[in-house]
Amino acid sequence: MIDLFKRVSGKISKLSSEQVEQLFDALIEETEVIDAAMNSLKTAFIVCDENFLVFKVNKAAERMLSFSQRLADIRSHEVPAWELVGEVEIADFLRQAYQRGQTNVCREFTIATSGGSIKFLTVTIIPLVRKRQVTGNVISVDDVTEIRRQEVIIRRMEKLEDLTTLAANVAHEIKNPLAALSIHIQLLQKSIEKARSQEDVLPPPKFVENYISVVNEEIGRLNGIVNDFLHAVRPVKAEYQLLNPNELLLQSLDFCRPELESKGINLQVELMKDSPKLLLDDKLFRQVMLNLVQNAIAALSSDEDEKVLLVNTQVKSDSFILTVADNGCGMSEETASRIFEPYFTTKTTGTGLGLTMVYKIVKEFSGDIQVKSLLGEGTAFTISLPIPQLERRLLEYTS
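Draft legend 1. Quick peek at the overall build of the chain. Counting secondary structure elements, the chain contains 13 helices and 12 strands. Excluding contacts between residues fewer than 6 apart, the proportion of contacts in the chain whose partners are at least 24 apart in sequence is 61%. Element-wise, carbon and sulfur atoms account for 52% of the exposed surface of the chain, whose accessible area totals about 23,700 Å².

Dropping the structure here:
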């Protein structure tokens, strides 16, 4: 149809009024079809000139981006895109793209809905090319919330395989207190039977109380094992947002700083500048950091000349790398290989689930964690977290 209009446009003066009317009717119909197609798409589109002044939008854009003005009130080439978009972070992204002259850039945003839930939106800016020249920009927005939810479900299903090992460990842990309960109850029964055979003279109260005390202790121990098991197998319910990991690290370290200072531990923080945002749950990320710091504090309890805890961040390839290292007592190779196993611990107190939870959360974040340790020299935990693809492209563009 476009080719037809181009051919006829050169002969418009030779057309009769009836032919011109038919041509305009065809043009109107063609435009209506294109508008209907754009408004039927789930992807939001905003078409702008080279100065980001809007001249075309579709209905999906109005739904997703909380427009500050009605579509009917928008006049062509008068409103810049960032003034039209109601979501502040997206508006800032569009303004900065214009100021920096950026095209072919993408970023993912987390948006809070009026109902309190979170949506994930992908915003892409691509050049509008006409006659082999860039004449403007096309802003597209996709709702990828369901994709993110499915990714979380898949990760959780993969982790169900770990339950078999965990259940076996719990069964082993339960056997010991059950055996102690059985033995002491049998002793009580024999004592009572013996007492009844001797004219119902019961054994001394202290004798009975000692057995009952052991029974109560073992019941409490069983209760603790069951609670720890439930805590370990409970699915990690992460509420993901695009967050700056360096900011979360600083908040966690500020919380730990008084304890570190009281124990004479020198905290060294080396964080990269302009950290990319990651898909994280802030509470779970803080839990990871607190566990790693507490593990380091335990390793630094001996009298080293200088107790050092180092926290470092950097980007390598497509990953954000977090390192938490200490110069404490270190671990043997065998111990380091089992450090993330449920119920494995070298401490006199503790459940042996702290580092298991760290491992579980990091895996929930689609990341990886490694440990390197030498006896008498120290330990380093290295966490690798994926940089979202769109955030990664922007990082590469601005670097």
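Draft legend 2. Here's a closer look at the pattern of salt bridges. Following the criterion strictly, the structure yields 3 salt bridges and no others. For Asp 92, the salt bridge goes to Arg 95, with nearest N and O atoms at 2.8 Å. Taken together, the positions of Asp 92 and Arg 95, both in helix α5 (residues 88-100) and 3 residues apart, correspond to about one turn of that helix. Using a relative accessible area of 31% as the deciding quantity, one classes Asp 92 as partly exposed. Residue Arg 95 is classed as partly exposed on the basis of its relative accessible area, which comes to 30%. Where Asp 254 meets Arg 257, a salt bridge forms, and the shortest distance between an N and an O atom there is 3.3 Å. With a gap of 3 residues between them, Asp 254 and Arg 257 both fall in helix α9 (residues 245-262), about one helical turn apart.

Draft legend 3. Quick look at the side chain of Thr 145. Note that Thr 145 resides in helix α6 (residues 145-159). A polar contact of 2.9 Å, which involves the side chain of Thr 145, links it to the backbone nitrogen of Phe 120. Those residues within four positions of Thr 145 in sequence are excluded, and the remaining contacts are Ile 118, Lys 119 and Phe 120.

Draft legend 4. How the structure looks around the sheet that holds strand β7 (residues 265-270). Read across the sheet, 5 strands follow the order β7-β9-β10-β12-β11 without closing on themselves; strand pairing throughout is mixed. Edge positions in the open sheet fall to β7 and β11 (368-374), since each of these has one partner strand only. Strand-to-strand twist of the sheet, defined as the mean angle between neighbouring strand axes without regard to direction, takes the value 15 degrees. Summarising the sheet, strand β9 (residues 307-316) and strand β10 (residues 319-326) pair through 8 bridges and their orientation is antiparallel. If you follow Val 315 over to β10, its bridge partner there is Phe 320. Along the sheet face, helix α10 (residues 282-299) touches β7, β9, β10 and β12 (378-386) and points at about 25 degrees away from the line of β10. The strands touched by helix α12 (residues 354-364) are β11 and β12; relative to β11, the strand with the most contacts, the crossing angle is about 140 degrees.

Draft legend 5. How the structure looks around the nonpolar core. Judged by nonpolar contacts, the single largest core of 44 residues is most densely connected at Phe 285 and Leu 322. Sequence-distant contacts of Phe 285, defined by excluding residues within four places in its chain, comprise Pro 245, Leu 248, Leu 249, Leu 280, Leu 322, Phe 365 and Leu 385. If you look at the next biggest cluster of nonpolar residues, it comprises 29 residues, including Phe 52, Leu 65, Leu 84 and Leu 121.

Draft legend 6. Region of interest: α5. Taking 1.5 Å per residue, 13 residues should reach 18 Å; α5 reaches 18 Å between its end C-alpha atoms and fits that length. Trailing α5 by a residue or two, Gly 101 shows a phi angle of about 65 degrees, which is positive.

Draft legend 7. Examining the sheet that holds strand β4 (residues 118-130) more closely. Within the open sheet, the 5 strands sit side by side as β2-β1-β5-β4-β3. Their pairing is antiparallel. Across the chains shown, the open sheet's two edge strands, defined by having one partner strand only, are β2 (54-57) and β3 (105-112). Looking at each pair of strands side by side, their axes are set apart by 20 degrees on average, direction ignored. Of the strand pairs in this sheet, β4 and strand β5 (residues 133-143) are connected by 10 bridges, and their pairing is antiparallel. Note that in β5 the partner of Val 129 across the bridge is Val 134.

Draft legend 8. Quick peek at the packing of α10 against α12. Remark: α10 packs on α12, axes separated minimally by 9 Å, with the N-to-C direction vectors making an angle of 145 degrees. Here the hand of the crossing between α10 and α12 comes out left-handed. Each of Leu 284, Gln 287, Val 288, Asn 291, Leu 292 and Asn 295 in α10 lies in contact with α12, whose residues at this interface are Gly 354, Leu 355, Met 357, Val 358 and Ile 361. Here the residues of the contact of α10 with α12 sort into 7 nonpolar, 4 polar and no charged.

Draft legend 9. Up close: the packing of α9 against α10. Contact geometry of α9 with α10 gives a least axis separation of 10 Å together with a crossing angle of 40 degrees. The angle between the axes of α9 and α10 places the two elements in the oblique class. As for how α9 packs across α10, the hand of that crossing is right-handed. In contact with Pro 245, Leu 248, Leu 249, Gln 251, Ser 252, Leu 253, Phe 255, Cys 256, Glu 259 and Leu 260 of α9, α10 contributes Asp 282, Phe 285, Arg 286, Met 289, Leu 290, Val 293, Gln 294 and Ile 297. Residues belonging to the contact of α9 with α10 are distributed by class as follows: 12 nonpolar, 3 polar and 3 charged.

Draft legend 10. Structural view of a negative patch on the surface. Taken together, Glu 18, Glu 21, Asp 25, Glu 29 and Glu 32 make up a surface patch of like negative charges. In this structure, Glu 18 sits in helix α2 (residues 17-40).

Draft legend 11. Structural context of the pairing of β10. Buried residues dominate β10, accounting for 7 of its 8 residues. Between β9 and the antiparallel strand that follows it, β10, lie 2 residues; Ser 317 among them carries a positive phi value of about 55 degrees. Here 8 bridges tie β10 to β12, and the two strands are oriented antiparallel to one another. Opposite Asp 326, over in β12, you have Thr 379 as the bridge partner.

Draft legend 12. How the structure looks around the packing of aromatic side chains. Applying the stated criterion across every chain yields a total of 7 aromatic pairs. Aromatic side chains Phe 340 and Phe 381 sit 6.2 Å apart centroid to centroid with 65 degrees between the ring planes, which places their arrangement in the edge-to-face category. With a gap of 41 residues between them, Phe 340 in the loop between α11 (333-337) and α12 and Phe 381 in strand β12 connect regions that are remote in the sequence. Taking the relative accessible area as the measure of exposure, Phe 381 reaches 2% and is therefore buried. Counting every residue linked through ring pairs, the aromatic cluster contains Phe 52, Trp 82 and Tyr 98.

What counts, and where the lines are drawn
- As a convention, each chain's residues are numbered from 1 in the sequence order in which they are written.
- Only residues with pLDDT of 70 or above have their local features reported here, since the model is predicted, and side-chain atom pairs are shown and tallied only from 80 upward, although totals for entire chains, interfaces and linings are computed over all residues.
- Think of the side-chain values as coming from all heavy atoms in the structure, minus any hydrogens and water.
- In DSSP terms, a helix is any run of H or I states spanning at least four residues, a strand is any run of E spanning at least two, and both are numbered starting from the N terminus.
- Residue contacts follow a heavy-atom distance rule, with two residues in contact if any of their heavy atoms lie within 4.5 Å.
- To be clear on the numbers: accessible area is Shrake-Rupley with a 1.4 Å probe, and residue cover counts the displayed protein chains and nothing else.
- What counts as a salt bridge is simple: a side-chain nitrogen of Lys or Arg found within 4 Å of a carboxyl oxygen of Asp or Glu.
- Each residue is assigned to one of three classes by its accessible area relative to the maximum for its type, calculated with a 1.4 Å probe on protein chains only: buried under 20%, partly exposed between the two thresholds, exposed over 50%.
- Any pair of N or O atoms that falls within 3.5 Å is considered a polar contact. Within protein, one atom must be able to donate a hydrogen and the other to accept it, and sequence-neighbouring residues count only if both atoms are side-chain atoms.
- Note on pairing: two strands pair once DSSP finds at least 2 bridges between them.
- Helix axes use the C-alpha atoms of the stretch in contact, all axes being lines fitted to C-alpha atoms, and the angles between their N-to-C directions lie in the range 0 to 180 degrees.
- We define the nonpolar core as a collection of buried residues of types Ala, Val, Leu, Ile, Met, Phe, Trp, Tyr and Cys that are connected through side-chain atoms lying within 4.5 Å of one another.
- Expected span of a helix: the number of residues minus one, times 1.5 Å.
- Handedness of a crossing is defined here by the sense of rotation of the near helix relative to the far one, left-handed for an anticlockwise turn of less than a right angle and right-handed for a clockwise turn.
- We call Asp, Glu, Lys and Arg charged. Ala, Val, Leu, Ile, Met, Phe, Trp, Tyr, Cys and Pro are nonpolar, and the rest, Gly among them, are polar.
- Should an angle lie under 35 degrees it is considered roughly parallel, over 145 roughly antiparallel, and from 65 to 115 roughly perpendicular; all remaining angles are considered oblique.
- Here, patches come from residues exposed beyond 30% relative accessible area and free of salt bridges, joined within 9 Å for like charges and within 5 Å for nonpolar side chains (Val, Leu, Ile, Met, Phe, Trp, Tyr).
- Neither His nor the chain termini are counted; the positive set is Lys and Arg, and the negative set is Asp and Glu.
- Note on charges: their place is set at NZ of Lys, CZ of Arg, CG of Asp or CD of Glu.
- Pairing of aromatic rings covers Phe, Tyr and the six-membered ring of Trp, with a centre-to-centre limit of 6.5 Å; geometry is then stacked below 30 degrees between planes, edge-to-face above 60, and tilted otherwise.

The analysis is restricted to geometry; functional conclusions fall outside its scope.
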